[in-house]
Amino acid sequence: MAKPVSIEVWNPNGKYRVVSTKPMPGTRWINLLVEQDCRVEVCTQKKTILSIEDIIALIGDKCDGVIGQLTEEWGDALFSALSRAGGKAFGNMAVGYNNVDVDAATKHGVAVGNTPGVLTETTAELAASLSLAAARRIVEADEFMRAGLYDGWLPNLFVGNLLKGQTVGVIGAGRIGSAYARMMVEGFKMNLIYYDLYQATRLEKFITGYAEFLRANGEQPVKWKRAASMEEVLREADVISLHPVLDKTTYHLINKESLATMKKEAILVNCSRGPVIDEVALVEHLKHNPMFRVGLDVFEDEPYMKPGLADQKNAIIVPHIASASKWTREGMATLAALNVLGKIKGYPIWSDPNRVEPFLKEDASPPAACPSIVNAKALV
Ligand SMILES: NC(=O)c1ccc[n+]([C@@H]2O[C@H](COP(=O)([O-])OP(=O)(O)OC[C@H]3O[C@@H](n4cnc5c(N)ncnc54)[C@H](O)[C@@H]3O)[C@@H](O)[C@H]2O)c1
Ligand SMILES: O=C(O)[C@H](O)CO
């Protein structure tokens, strides 16, 4: 028998019972649920990752929908408990939903929501920050200053890489990968090589237009290329940023062999999911290639790092904060709540999950729709 889990309750007499497994930023998401007759229960347990038993205890005997987190494994056990309690929807507060067994949800008739679009620029900005921090060795230099080691300017002190004119490689040029590519090309006049299963038409048009603008102004135009294989990107790029979804095709996409094809002084950034990189192979590569640098927001076995990673000076490591801007996190909470609410209310699915701004306006009522349900087609 699982121990009772501590909760905070909003609108105790609400008709529909919605559970959030974590307190989430902002209050708009709670207000929207309460205005639509929901009793909202927010888990306040002081434990970062809830167990399956904790979540089953939270679901209880009657629950219309749950808002959950990417740290939770949503599989058959949780979806059958939710369905038994009368639940219709699970809203993952993330765009990535590799923690969710979508087939199991569909089998139990539960809709699975995610939060695309609202985190695109915020996540791309962190990938750009890690790229710059790695290129210019900012973390190492900061540690050096704080240690009181600076005793005057030197020609060879913390020499890094100039980005202008170098090639940025993007693997997975979807929403975030494309936003990152635009930032690096427009901001630093880098050339682009990308690999994706699909053509990134809007990105290609943007860079073509920017190259024309540069040419018209007497500047060196930027170039772009869609690579025929991921290996082509790894061989040619100076900075490589990973932005694919995590699935069977992208698990350990970066491994011992692919690392060996990269330039010795390349920079590798990962703001997608940890298991896209074989982290043990990466640690070995970092040890043997001191000029190779990485910027990592995600790790293979979060919250842990593989042995040796934290000792590498050529690695910059941050704790899965790529979407952590206030506007984005409040927006993610809103989208996650509206996915659950929309399903409870029987609203239709929003037509374009790449354009979710109408749901995010602070001073207006959101559309009567679910912003993004990933198993919408399978459920009908
Ligand atoms: N670190 C973070 O905090 C953070 C924040 C947001 C998103 N993410 C991760 O980033 C991922 C991408 O988000 P998005 O909104 O850009 O999604 P998206 O669906 O717009 O883009 C993903 C892209 O990956 C491509 N892809 C799929 N399989 C591939 C393969 N084998 N090789 C190359 N490309 C492949 C797809 O075609 C698509 O264009 C999410 O699924 C999530 O895991 C992480
Ligand atoms: O997939 C996601 O949304 C992230 O990892 C958290 O923002």
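Check the entry above for the structure.
Every chain begins its residue count from 1, and numbering advances along the sequence as written. Both sets of labels track the order of writing: A upward for chains, 1 upward for ligands. In keeping with the predicted nature of the model, local features appear solely for residues at pLDDT of at least 70, side-chain atom pairs appear and are counted solely at 80 or more, and the whole-chain, interface and lining totals rest on all residues. In computing side-chain properties, one takes all heavy atoms of the structure into account and sets aside hydrogens as well as water.

**Q** Looking at this model, I keep getting lost on the site of ligand 2. Mind explaining?
**A** For this purpose, a residue is taken to be near a molecule or strand whenever a single non-hydrogen atom of the residue falls within 4 Å of it. Near ligand 2, the surroundings consist of L70, A94, V95, G96, L119, R273, H320, S323 and M332. Pairs of N or O atoms within 3.5 Å make up the polar contacts considered here, provided that, within protein, one atom can donate a hydrogen while the other can accept it, and that residues adjacent in sequence are counted only when both atoms are side-chain atoms. G96 is positioned with one of its backbone polar atoms (N or O) 2.9 Å from an oxygen atom of ligand 2. Here an oxygen atom of ligand 2 and a side-chain polar atom of H320 are 2.7 Å apart.

**Q** What is the right way to read the packing of aromatic side chains from this model?
**A** To describe a pair of aromatic rings, you give the distance between the ring centres and the angle between the ring planes. Any pair of Phe, Tyr and Trp rings, taking the six-membered ring for Trp, is counted once the centres come within 6.5 Å. Such a pair is stacked with planes under 30 degrees apart, edge-to-face with planes over 60 apart, and tilted for the rest. Taken as a whole and assessed by the stated rule, the structure comprises six aromatic pairs. With centroids separated by 4.1 Å and ring planes inclined at 25 degrees, the aromatic side chains of W74 and F90 adopt a geometry described as stacked. Of the two residues, W74 sits in the loop between β4 (65–68) and α3 (76–84) while F90 sits in strand β5 (residues 89–92), which places them 16 residues apart along the sequence. The exposure classification of W74 matches that of F90, with both residues buried. Where W350 meets F359, the ring centres are 5.0 Å apart and the plane angle is 80 degrees; that geometry is what we call edge-to-face. A single burial state applies to W350 and to F359, both of which are buried. Aromatic ring contacts, followed pair by pair, group W74, F79 and F90 into a single cluster. Here the guanidinium or amino end of R182 rests over the ring plane of F206, the centre of that ring lying 5.9 Å away. Helix numbering and strand numbering both begin at the N terminus, where a helix is a DSSP run of H or I of at least 4 residues and a strand a DSSP run of E of at least 2. Burial classification: accessible surface area is computed with a 1.4 Å probe over protein chains only, and a residue below 20% of its type maximum counts as buried, one above 50% as exposed, and the rest as partly exposed. For a lysine, the NZ atom is tested; for an arginine, the CZ atom; a charge sits over a ring if that atom is within 6 Å of the ring centre and within 35 degrees of the ring normal.

**Q** What am I meant to see in the pairing of strand β11 (residues 267–270) here?
**A** Side-chain direction in a regular strand flips from residue to residue, so the side chains alternate between the two faces of the sheet. Along β11, one buried face is formed by I267 and V269 and the opposite face, lined by L268 and N270, is buried too. When DSSP locates at least two bridges between a pair of strands, those strands are taken to pair. Bridging between strand β10 (residues 239–242) and β11 involves four bridges; their strand directions are parallel. Residue pairing for β11: S241 is matched across the bridge by V269. In this fold, β10 hands off to helix α10 (residues 256–261), which returns the chain to β11; that crossover is right-handed. Note that the unit made of β11, helix α11 (residues 279–288) and strand β12 (residues 293–296) has a crossover that is right-handed. Place the viewer so that the strands point away; then a crossover is right-handed whenever the path from the first strand over the helix to the second strand goes clockwise.

**Q** Honestly, the site of ligand 1 in this entry has me stumped. Any pointers?
**A** Taken together, 26 residues lie around ligand 1, and R175, I176, D196, C271 and D297 are the ones closest in. T249 places a polar side-chain atom, nitrogen or oxygen, 3.1 Å from a nitrogen atom of ligand 1. Take D297: an N or O atom from its side chain is 2.8 Å from a nitrogen atom of ligand 1. Note on areas: these come from Shrake-Rupley sampling with a 1.4 Å probe, and a residue is covered only by the protein chains present in the view. When ligand 1 sits alone it has 870 Å² of accessible area, and the protein chains cover 89% of it. In this classification, Asp, Glu, Lys and Arg are treated as charged, Ala, Val, Leu, Ile, Met, Phe, Trp, Tyr, Cys and Pro as nonpolar, and every other residue, Gly included, as polar. Residue composition of the shell around ligand 1, grouped by class: twelve nonpolar, ten polar and four charged.

**Q** Help me out: how do you make sense of helix α2 (residues 52–59) in this one?
**A** Counting along an α-helix, one turn takes 3.6 residues, and residues three or four places apart therefore face a common direction. When α2 is considered as a whole, its buried residues turn out to be D54, I55, L58 and I59. For α2, the arc enclosing every buried residue in end-on projection is 140 degrees, short of the 170-degree limit, so these residues lie on one face. We call two residues in contact when some of their heavy atoms are within 4.5 Å. Contact partners of the buried residues in α2: β1 (7–10), β2 (16–20), β3 (38–43), β4 and α3. Positive backbone phi, approximately 65 degrees, marks G60, located one or two places after α2. Working note: the arc is built from the helix axis to C-beta atom directions.

**Q** Just checking my understanding: could you explain the nonpolar core for this structure?
**A** Buried Ala, Val, Leu, Ile, Met, Phe, Trp, Tyr and Cys residues that are joined via side-chain atoms within 4.5 Å together make up what is termed a nonpolar core. Within the largest apolar cluster, 65 residues are counted, with the highest numbers of intra-cluster contacts made by W29, L33, I67, V168, Y180 and L192. It is helix α12 (residues 326–345) that provides the largest number of residues to this core, a total of nine residues. Grouped together as the second largest cluster of nonpolar side chains are 27 residues, M230, I254, L286 and L309 included.

**Q** Can you help me understand the sheet that holds β11 in this one?
**A** Whenever strands of a sheet pair, they do so through backbone hydrogen bonds, lying parallel or antiparallel. If you trace the seven strands from one edge of the open sheet to the other, you get β9-β8-β7-β10-β11-β12-β13, paired in parallel fashion. Two strands close off the open sheet at either side, each with one partner strand: β9 (224–226) and β13 (315–317). When the angles between neighbouring strand axes are averaged without regard to direction, this sheet yields 15 degrees. The pairing of β11 with β12 spans four bridges and is parallel. In the sheet register, I267 faces β12, and the bridge partner there is R293. Lying over the sheet, helix α5 (residues 120–135) contacts β10, β11, β12 and β13, oriented at roughly 150 degrees with respect to β11. Axis definition: a line fitted to C-alpha atoms, over the contacting stretch in the case of helices. Angles run 0 to 180 degrees between N-to-C directions. Packed on one face of the sheet, helix α8 (residues 201–216) meets β8 (191–195) and β9 and runs near 160 degrees to β9.

**Q** When you look at the environment of L286 in this model, what are you seeing that I'm missing?
**A** Along the chain, L286 falls in helix α11. Separated by 220 residues in the primary sequence, L286 and V66 have C-alpha atoms spaced 41 Å apart. In this structure, L286 is in contact with F292, V294, L309, Q312, N314 and A315, ignoring residues within four places of it in sequence.

Any functional reading would require information that these geometric values do not contain.
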